[in-house]
Amino acid sequence: APVSMNDLVSLCKQRGFIFPGSEIYGGLANTWDYGPLGAELKNNIKRLWWKDFITNRDDVVGLDSAILMNPRTWEASGHVGGFSDPLMDCRACKTRHRADKLIDEKLKTEGIKRSIEGMDNASLRALITEYKITCPDCGKSDFTDIRAFNLMFKTYQGVTEDSGALVYLRPETAQGIFVNFRNVQSASRKKLPFGIAQIGKSFRNEITPGNFIFRTREFEQMELEFFCFPEDSIEWHGKWKETCRDWLLKIGLKPELFRLREHSAQELSHYSKATTDIEFLFPFGWGELWALPTAHMKFSGKDLHYAEPDRGIKVIPHVIEPSLGVERLLLSVLISAYSRDIADGEERVVLSLSPELAPLQAAVFPLSKKLNENAEKLCTDLRRQFRVEYDDAGSIGRRYRRQDEIGTPFCITSPYAIAIPCSRSAFPSVHLSSICLNASIANPLLTVRRIQSGSHPPTVK
Ligand code: ATP
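Residues numbered from 1 in each chain as written. Predicted model: local features only at pLDDT ≥ 70, side-chain atom pairs only at ≥ 80, totals over all residues. Heavy atoms only, no water.

Points about the nonpolar core
Formed by 58 residues in total, the largest nonpolar core has its most connected members in Trp-49, Trp-247, Trp-290 and Leu-329. The element best represented in this core is helix α9 (residues 326–337), accounting for eight residues. Two domains each provide a minimum of three residues to this core, namely domain 1 (5–67 + 170–335) and domain 3 (352–453). Non-local contacts of Leu-329, meaning those with residues more than four positions away in its chain, are made with Ile-45, Met-222, Trp-247, Leu-248, Ile-251, Leu-253, Leu-289 and Leu-324. (Core = buried A, V, L, I, M, F, W, Y, C linked by side-chain atoms within 4.5 Å. Buried < 20%, exposed > 50% of the residue type's maximum accessible area, 1.4 Å probe, protein only. Helix = DSSP H or I, 4+ residues; strand = E, 2+ residues; numbered from the N terminus. Domains from an automatic or database assignment. Contact = heavy atoms within 4.5 Å.)

The structure is reproduced here in structure tokens:
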């Protein structure tokens, strides 16, 4: 059976992946803290993304821009002003909803092709009545008028709380890339097509946060802006779709749990030629994991003309914007990896994580507390290369189960020094016994790469 959100939340808490935020003070709704294993997993995800989307490519460079930006950025991008979310309350059950989302859903389920983009609040409210839209929570159709709501967090820069010093916490990392476009382009001497990417926190005062870490008000994005000639944007969009899909498979997401969904002509915003969402099957249904829109830079609010040295012309690039939430990916990784089975009459949980993502790559178990000399040395040696835990508590079987539950791909018992893979691991095992017997790593290059190549037959004892 697929994992339920409750099972996942309790595993995450018990094993130290994710804790409720500020718990000892009664918590703060929809905030989460990442424990020892969660912090490792998150870092591994970010490191792998950075490596594959920046380091290993010649056409993408990295950036780390500030969270606080000149407020004019958000006027130009449309985040302050006309683009606030249209909110209305259900009078019957007092829940709050986004009018445009309810209308969109209705149009989609009824198969009606109609664009509501740019509509004012009164017209949206009229559509709610026209299509007899009901509250998803109570089924009644008694809504208030629509009010504009801005999802940006406000704060004040400097010591006084006057409005002159009003600044916002960024709601996306993309604008940090746009404002640095010229600087990065000239400093790195990149020519079109090329990309700028960064990882960083974003903040949105979401109306309906929830579903564990799926939607929170503070989250982290891994965002890439890929600039290209306007005539090449569809081709690049296609290439990035493939790159993103292949990467999800590489890190171990089950292919049956995600899909690519193209936006229809009606759904597309006026500045986009094509948009694809990569959606994941979460316990509550399909949800957006990775957004891949194309956009025209002329709508960024700044003159981002780019003088193309080879062609001797000025162009405004088009941009492909693959944007991925770190926490949503982490949740997808856990769901993909989770399974349960019966071993020795006991139910156990197994996480089949890729060795590159697993918080721990190996665990070393001395057979007894007395027979531990080799094991300690082995553990120290392995730690130079790998993330390793030493565990001498409880029966060997119990120790294996503890590691199964947190996705450790290799366990090594000592002094007999035999590597036993997580029995459900999606990754083929490797014969580690020679290095274990020596209790020293003669060849530290025996790494995950060899494990994944599958060239070594599994050794299971
Ligand atoms: P949604 O429709 O779910 O609100 P969105 O379309 O507003 O998402 P984008 O602005 O395209 O999201 O952001 C890009 C990515 O950032 C999303 O695909 C998602 O992975 C992540 N993301 C966006 N909002 C949140 C949030 N509140 N909590 C966690 N991750 C988020």
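Points about helix α1 (residues 5–15)
Think of an α-helix as turning once every 3.6 residues; residues three or four places apart then point the same way. Within the span of α1, buried status applies to Met-5, Leu-8, Leu-11 and Cys-12. Taken end-on, α1 shows its buried residues confined to a sector of 130°, consistent with a single buried face. In α1, the exposed positions angled more than 90 degrees off the buried face are occupied by Asn-6 and Gln-14. Its buried side turned inward, α1 meets β1 (18–20), α9, β18 (338–343), β19 (346–351) and α11 (396–406). (Arc of directions from axis to C-beta.)

With respect to the site of the ligand
In the region of the ligand, 15 residues are neighbours, and Glu-206, Arg-215, Thr-216, Glu-288 and Leu-289 sit closest. At 2.8 Å from a nitrogen atom of the ligand is found a side-chain nitrogen or oxygen belonging to Glu-206. A distance of 2.7 Å is found between an oxygen atom of the ligand and a side-chain nitrogen or oxygen belonging to Glu-288. For the ligand, the protein covers 82% of the area, taking 590 Å² as the surface of the free molecule. Listing elements by their share of the shell around the ligand, those giving two or more residues are β10 (218–228), β13 (285–296) and β17 (323–325). Looking at which element gives the most residues to the shell around the ligand, the answer is β13, with four residues. The residue inventory of the shell around the ligand, partitioned by class, reads five nonpolar, four polar and six charged. (Near = heavy atom within 4 Å. Polar contact = N/O pair within 3.5 Å; in protein donor to acceptor, adjacent residues only side chain to side chain. Areas by Shrake-Rupley, 256 points an atom, 1.4 Å probe, with all protein chains shown as cover. Nonpolar A, V, L, I, M, F, W, Y, C, P; charged D, E, K, R; others polar.)

Re the side chain of Arg-170
Tracing the sequence through the fold places Arg-170 in the loop between β8 (166–168) and α6 (174–179). Buried and without a salt bridge, Arg-170 has Asp-64 as its closest oppositely charged side chain, separated by 5.7 Å. A distance of 3.4 Å separates the side chain of Arg-170 from the backbone oxygen of Ala-66, its partner in a polar contact. In terms of polar contacts, Arg-170 uses its side chain to reach the backbone carbonyl oxygen of Lys-201, at 2.7 Å. Apart from the residues lying within four places of it in its own chain, the contact partners of Arg-170 are Ser-65, Ala-66, Ile-67, Trp-74, Gln-198, Gly-200, Lys-201, Ser-202 and Phe-203. (Lys, Arg positive; Asp, Glu negative; His and termini not counted. Salt bridge = Lys/Arg side-chain N within 4 Å of Asp/Glu carboxyl O.)

What to know about the confidence of the model for the protein
Looking at the protein as a whole, the pLDDT averages 84, with 86% of positions reaching at least 70. Note that residues 416–461 has pLDDT below 50 and, in this model, 90 contacts with residues that lie over four places away or in other chains. (pLDDT = per-residue confidence, 0-100.)

Concerning the sheet that holds strand β4 (residues 85–89)
The strand order across the open sheet formed by three strands is β5-β4-β6, and the pairing between neighbours is antiparallel. The outermost strands of the open sheet, each flanked by one partner alone, are β5 (96–98) and β6 (147–149). Strand-to-strand, the axes of this sheet are offset by a mean angle of 45°, without reference to chain direction. Most of the contacts of helix α4 (residues 99–110) go to β5, to which it runs at about 65°, and overall it touches β4 and β5. (Pairing = 2+ DSSP bridges. Axes fitted to C-alpha atoms, helices over the stretch in contact; angles between N-to-C directions.)

Here we look at the pattern of salt bridges
On inspection of all chains with the given rule, the structure shows 26 salt bridges. The residue Lys-42 makes a salt bridge to Glu-220 at a minimum N-O spacing of 3.8 Å. Of this pair, Lys-42 sits in helix α2 (residues 36–55) while Glu-220 sits in strand β10, and the two are 178 residues apart along the sequence. Take Glu-220: its relative accessible area is 8%, and that puts it in the buried class. One salt bridge in this structure joins Glu-218 and Lys-201, with 2.8 Å as the shortest N-O distance. Here Glu-218, found in strand β10, pairs with Lys-201, found in strand β9 (residues 194–203); they are 17 residues apart in sequence, far enough to count as distant. A relative accessible area of 41% means that Glu-218 is categorised as partly exposed. You can call Lys-201 partly exposed: its relative accessible area is 28%. Connected through shared salt-bridge partners, Lys-42, Lys-46, Glu-220 and Glu-327 make up one network.

Considering the side chain of Glu-206
By the element assignment, Glu-206 lies in the loop between β9 and β10. Judged by relative accessible area, which is 14%, Glu-206 ranks as buried. Once residues within four sequence positions are removed from consideration, Glu-206 is found in contact with Arg-215, Thr-216 and Arg-217.

A short note on the packing of α2 against helix α8 (residues 233–250)
Relative to each other, α2 and α8 sit at 140°, their axes nearing to 12 Å. Taken together, the axis directions place α2 and α8 in an arrangement best described as oblique. Relative to α8, α2 is oriented so that their crossing is right-handed. Touching Ile-45, Leu-48, Trp-49, Asp-52 and Phe-53 of α2 are Trp-240, Thr-243, Cys-244, Trp-247 and Lys-250, all from α8. Residues of the contact of α2 with α8, tallied by class, amount to seven nonpolar, one polar and two charged. (Parallel < 35°, antiparallel > 145°, perpendicular 65-115°, else oblique. Left-handed = near helix turned anticlockwise from the far one by under 90°.)

Quick notes on the pairing of β10
Along β10, ten of the eleven residues are buried, which leaves the element largely enclosed by surrounding structure. As defined by bridge partners, β9 adjoins β10 across ten bridges and the pair is classed as antiparallel. Directly across from Gly-195, in β10, lies its bridge partner Phe-226. As paired elements, β10 and β17 share three bridges and run antiparallel to each other. Its bridge partner lying in β17, Gln-221 is registered against Gly-325. As defined by bridge partners, β10 adjoins strand β16 (residues 318–320) across three bridges and the pair is classed as antiparallel. Residue pairing in the sheet places Phe-227 in a bridge with Val-319 of β16.

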